[in-house]
Amino acid sequence: KFTIDRILGFISVADDLDFEVCKDYYLTVEAWDNGTPPLSAAAMVTIELMDVNDNAPTFSEDIYNVLVSEEASVGQTVTKLLAEDLDSQVNGRITYSILKGDRSNHFWIDPVTGLLKVNKRLDRELVSRYSLSVQAFDSGSPAMSSTVTVNIDISDVNDNPPVFSPPNSTAAVQLNQAAGTVLLKLTVSDKDTTRNGPPFEFRIVSGNEGDSFSLDQTGILRSNRVFGPEALREFTLEIQVRESRCNS
């Protein structure tokens, strides 16, 4: 790694040096005169390398994939990012920041520890997935940095009730129409995932005088009898829908 001028005694660098491979060199240098016999002396030369910022931080994962519940509390840890730098402590201190992918600031990263945390309440029905670009930069001058992608999938909880569309419906039945005639097909939607949504359970809560109507579990309303001239002219049914008990 080093060479010495045999006449002047100058020690020079002869090959590439790398602080991260070897930080110190201990050379034994000998000098002798031209007498007869020649006399000599030896000295120890210690060479300490100074680090330069020639290494960017490296993340422990090429990409981070995380699953977090939409009911996660503010301040809850999502994951911990880890980046390392081969440079010395002076140049290798790491600072973390979120570059993009979270315009509403639903997440926050501790700049020192790399802990990624929930910063605001999450709602899977509004945003089901985040893809953050996180940067780690060192303390050298100039600083070097690297980025990594953190994919965060939001898992669903059953926080939305089923909703009729439209909220109110009207059906007509003709006189002397056969029993079992289909009068109406109710439509229901649920913002939750299919795991927490359909199938639904329907039931008539009130207004079904004389058990005149039946409602199956697909939301189809049928007549249960033939309506003659003496029948009531109007029925107002209250119908309830709920998610199947099979959902958890």
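Residues numbered from 1 in each chain as written. Predicted model: local features only at pLDDT ≥ 70, side-chain atom pairs only at ≥ 80, totals over all residues. Heavy atoms only, no water.

1. Brief notes about the packing of aromatic side chains
Turning to step 1, where the next piece is worked out: For the coordinates displayed, the defined rule picks out 7 aromatic pairs.
Turning to step 2, where the next piece is worked out: Seen from their ring centres, F2 and Y25 are 5.2 Å apart, and the 80° between their planes marks the pair as edge-to-face. Note that F2 is positioned in strand β1 (residues 2-4) and Y25 in strand β3 (residues 24-32), a separation of 23 residues in sequence.
Turning to step 3, where the next piece is worked out: Judged by its relative accessible area of 21%, F2 is partly exposed.
Turning to step 4, where the next piece is worked out: Residue classification places Y25 among the buried positions, given a relative accessible area of 15%.
Turning to step 5, where the next piece is worked out: Where F164 meets F202, the ring centres are 6.5 Å apart and the plane angle is 50°; that geometry is what we call tilted. Highlighted residues: F164 in strand β14 (residues 163-164) and F202 in strand β17 (residues 200-206), separated in sequence by 38 residues. Comparing F164 with F202 shows no difference in burial state: the two are buried. (Phe/Tyr/Trp six-rings, centres within 6.5 Å; stacked < 30°, edge-to-face > 60°. Helix = DSSP H or I, 4+ residues; strand = E, 2+ residues; numbered from the N terminus. Buried < 20%, exposed > 50% of the residue type's maximum accessible area, 1.4 Å probe, protein only.)

2. A short note on the pairing of strand β11 (residues 115-118)
Turning to step 1, where the next piece is worked out: Alternating positions in β11 separate cleanly, L116 and V118 being buried on one face and L115 and K117 remaining unburied on the opposite face.
Turning to step 2, where the next piece is worked out: Examined bridge by bridge, strand β7 (residues 77-80) and β11 share 3 bridges and lie antiparallel to one another. For T79, the partnering residue across the bridge sits in β11 and is L116.
Turning to step 3, where the next piece is worked out: With 3 bridges connecting them, strand β10 (residues 107-109) and β11 associate as antiparallel partners. Bridge pairing in β11 places W108 opposite K117. (Pairing = 2+ DSSP bridges.)

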